[in-house]
Every structure is written in C-alpha cells, then in structure tokens.
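Each chain is listed here by its residues.
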Amino acid sequence: GKVRAPTHIISTISDDRGEEPCYAGVPMSSIIEKGFGVGDVISLLWFKRSLPRYCTQFIEICIMLCADHGPCVSGAHNAIVTARAGKDLVSCLVSGLLTIGPRFGGAIDDAARYFKDAYDRGLTPYEFVESMKKKGIRVPGIGHRIKNRDNKDKRVELLQKFARTHFPSVKYMEYAVEVENYTLTKANNLVLNVDGAIGSLFLDLLAGSGMFTKQEVDEIVEIGYLNGLFVLARSIGLIGHTFDQKRLKQPLYRHPWEDVLYTK
Ligand code: ACO
Ligand code: LMR
C-alpha cells in the first residue's frame, strides 16, 4: 500500500488541490450551475452535506433576520465606538463580535442544549424552568431587554411561521413555546427570544430532516455549531455600522459624565 509521511493537519470540509476548489466534494462550478445560495454553502462547509431546500432556506432566513438589530445593541455599540476611535474594519468587526455570548446573541447553543435535554427527558415546562431556577441558571433563549408579551419579537414570529409551514415536525419549538407560556406567568419580558427560537427550531431541523443520525445531532449540539449562525449574520450588520460611522466621519466617542453614576 501507499506509504505516506504522517500529516500535521487533517481536514475534511474542502479541497483546493484540483482544477477547482470543492466544498465537501462539490466543485465550485456546480455550486454556481445549480444556483446554490449561502445556505447551501453553509450546509456543505459546516454540516458536510447538501441539505434540502427548506433547510437551506431556513439557514438563510436566520442569517437575514439576525444581520442587524440597530445601533443600540451591545455588538453594534462596540463596533461604532471602535470605528469612532479610528480603527480599521477588522478591529471594529471583532470588537462587536466579542460581545456575542451568553447574554447577547450567543445563547443559541445553550438554548438548544437545555431545551433538548428537558424535552428528551420528558420534563414539563414547569419542572424544567423551576429546576433551572434551583440551579441559579437563567433559561437560555428566554428573556429580552425590550421585547415582551405585548411587543413580541417579529423575528421569532417569522421563523416560527416558516417552520410551521415547511418543517416535518416542530416539536422542540412547540416545547420552547410552552416554556415561554410558563415564564410569561413570571414576568412580562420573559418571552422566547430569537436565540431560543433558532436553538429550538434548529433541533427540529436536525432531528426532523432525516439528514442526520442521532449521534450526529448530539455531536452538533455538544460542540455548539449554532452560535455560528448569529456570529455570521451579525457580522453583516457590524460591518455596515463600521462603514456608516466612517462615512459620517464621526469623531472620537466619549461617554457623557452625566450618564455615569460616580459613587463610592
Ligand atoms: N430565565 C429565567 N429568569 C430570567 C431570565 C431567564 N432567561 N431572564 C431574566 N430572568 C429574570 C431573573 O429573575 C432576573 O433576575 P436575576 O438577575 O436575579 O437572575 C430578572 O428576570 C431580571 O433580569 P434582568 O437582568 O433585569 O433582565 P434583562 O432584561 O436585563 O435581561 C437578558 C435580558 C440578558 C436577555 C436575560 O433575559 C437573559 O439572560 N436571558 C437568557 C440569555 C439569552 O437568551 N440571551 C439572548 C437574548 S436575544 C439576543 O441577544 C439576540
Ligand atoms: C439583537 O438581535 O441584537 C437583540 O435581540 C438584542 C437587543 O438587545 O435588542
């Protein structure tokens, strides 16, 4: 057989050695010829397979809906302040990206983990939420700074509407909605947020599409692929905010003294 020197890197998602680069074995020309979109490219490079159209469309909807949420949110604020300090595009982008985490935009993986575990173990929403409370952990995917029962997040409604129409099953999402119904009895702003909607619906996509084995679903949830959707999406908005500040020639930002409580 072939004798090879041991390699220092193993890679399984793409190959640029041939006449044209391939994503998960699919040559670029066929990506273009078949009219593939960003959702298909994400399917190939993240999940190493072509997914059905409704799945790639769902991925693209997540990207479009999470691309931006105005200048006041944590990520955009950081990017704007960085741009106004005269920094370059990459610095502004990463300064915004670094705010993504358990409170802001990066709760998708934990929402998927906790909703999956609770649903698979047959916990009622009451048992699930109260067990989280006992452990002192906020339910990831629940709660919003400005959204509430009477001012629901349009993004969540749009994602749910798409999935109810196109997904074979939305059992995890329906469970997340039952959790929301319970948390809303505690406080008005404990709505299912966009992270929780994407986390629960991606579980439905993974489990219901027939494209992943149970082990693969567990691995995707355990490794935590899903925050990647928010990171990728929000990069679009953060880059936009950076260009906006530079176009507007905004000066160095300094926070007003009046807005700080100086105290001992
Ligand atoms: N689960 C249970 N209780 C909660 C939750 C939650 N997810 N969120 C808030 N509460 C309750 C708690 O009793 C909290 O008191 P505590 O500080 O003793 O825990 C109380 O509400 C008030 O919390 P605040 O911090 O005032 O709520 P705020 O409006 O600032 O928080 C936030 C909003 C950060 C989103 C919060 O709800 C949270 O941590 N959620 C979980 C993480 C999450 O899903 N983040 C993604 C948001 S969507 C996005 O960023 C795109
Ligand atoms: C967002 O998408 O950035 C928001 O949901 C977070 C926020 O604070 O509004």
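If you're wondering where the values come from, they're calculated on a predicted model, not measured in any experiment.

Calculation notes
- Residues numbered from 1 in each chain as written.
- Chains lettered and ligands numbered in written order.
- Predicted model: local features only at pLDDT ≥ 70, side-chain atom pairs only at ≥ 80, totals over all residues.
- Heavy atoms only, no water.
- Buried < 20%, exposed > 50% of the residue type's maximum accessible area, 1.4 Å probe, protein only.
- Helix = DSSP H or I, 4+ residues; strand = E, 2+ residues; numbered from the N terminus.
- Contact = heavy atoms within 4.5 Å.
- Polar contact = N/O pair within 3.5 Å; in protein donor to acceptor, adjacent residues only side chain to side chain.
- Near = heavy atom within 4 Å.
- 1 Å grid on protein atoms, 1.4 Å probe; cavity = no way out; pocket = protein on both sides within 12 Å on 5 of 7 lines; lining within 4 Å.
- Sits in = over half its atoms within 2 Å of the grid points.
- Nonpolar A, V, L, I, M, F, W, Y, C, P; charged D, E, K, R; others polar.
- Areas by Shrake-Rupley, 256 points an atom, 1.4 Å probe, with all protein chains shown as cover.
- Points joined across faces, edges and corners; volume = space filled by probe spheres on them.
- Core = buried A, V, L, I, M, F, W, Y, C linked by side-chain atoms within 4.5 Å.
- Pairing = 2+ DSSP bridges.
- Patch = residues over 30% accessible without salt bridge, like charges linked within 9 Å, V, L, I, M, F, W, Y side chains within 5 Å.
- Salt bridge = Lys/Arg side-chain N within 4 Å of Asp/Glu carboxyl O.

Engineer: Which residues make up helix H5 (residues 89-97), and what values do they have?
Structural biologist: Three- or four-residue spacings in an α-helix give side chains the same orientation, since the helix completes a turn every 3.6 residues. Looking only at H5, the buried set comprises Ser91, Cys92, Leu93, Ser95 and Gly96. For H5, the elements touching its buried residues are helix H4 (74-84) and helix H12 (227-247). Between the side-chain oxygen of the N-cap and the backbone nitrogen of valine 90 there are 3.2 Å, and the N-cap of H5 in question is aspartate 88.

Engineer: With reference to specific residues and values, describe the site of ligand 1.
Structural biologist: Around ligand 1 lies a shell of 19 residues, among which Arg138, Val139, Gly141, Ile142 and Asn193 are the nearest. Separating a nitrogen atom of ligand 1 from a backbone N or O atom of arginine 103 is a distance of 2.9 Å. At a separation of 2.8 Å, an oxygen atom of ligand 1 approaches a polar side-chain atom of asparagine 193. When atom positions are compared with the pocket grids, ligand 1 is found to occupy the largest pocket. Partitioning the shell around ligand 1 into residue classes produces nine nonpolar, six polar and four charged.

Engineer: Got a sec to walk through the site of ligand 2? Specific residues and values, please.
Structural biologist: Surveying the vicinity of ligand 2 reveals the residues His69, Val73, Phe104, His144, Arg155 and Arg234. The contact in question runs from an oxygen atom of ligand 2 to an N or O atom on the side chain of arginine 155, over 2.7 Å. Relative to its unbound accessible surface of 270 Å², ligand 2 loses 83% to contact with the protein. Mapping ligand 2 onto the cavity grids shows that it belongs to the largest pocket. The residue makeup of the shell around ligand 2, split by class, is two nonpolar, two polar and two charged.

Engineer: Lay out the layout of surface pockets with the relevant residues and their values.
Structural biologist: Of the volumes computed, that of the largest pocket is approximately 1,200 Å³. Forming the boundary of the largest pocket are 37 residues, of which Arg103, Gly143, His144, Arg145 and Asn193 lie nearest the centre. Contributing elements (two or more residues each) for the lining of the largest pocket: helix H6 (108-120), helix H7 (125-135), helix H10 (194-208) and H12. Per-element tally for the lining of the largest pocket: the top contributor is H7, with three residues.

Engineer: Tell me what's going on with the nonpolar core, and back it up with residues and numbers.
Structural biologist: Side chains that are nonpolar tend, in soluble globular proteins, to be buried together. If you look at the biggest cluster of nonpolar residues, it comprises 56 residues, and the most contacted ones within it are Phe58, Phe115, Phe128, Leu159, Phe167 and Phe202. At eight residues, the largest contribution of residues to this core is made by H10. Apart from residues lying up to four places away in sequence, phenylalanine 167 is in contact with Tyr54, Phe58, Phe162, Leu201, Asp204 and Leu205.

Engineer: How would you sum up the sheet that holds strand E2 (residues 22-23)? Please name residues and give values.
Structural biologist: A sheet is described by the order of its strands in space; here three strands give the open sequence E1-E2-E3, paired in antiparallel fashion. The open sheet has two edge strands with one neighbour each: strand E1 (14-15) and strand E3 (26-27). Two strands pair when backbone bridges link them, and E1 and E2 are joined in this way by two bridges, in the antiparallel orientation. Considered in E2, the bridge of serine 14 is made with tyrosine 23.

Engineer: So what's going on with a nonpolar patch on the surface? Residues and values would help.
Structural biologist: Taken together, the side chains of Leu89, Val90, Val94, Leu98 and Phe243 present a nonpolar region at the surface, about 470 Å² in accessible area. The element that contributes the greatest number of residues to the nonpolar patch is H5, accounting for three residues. Counting through the fold element by element, phenylalanine 243 comes out in helix H12. Look at phenylalanine 243 and you get partly exposed, because its relative accessible area is 44%.

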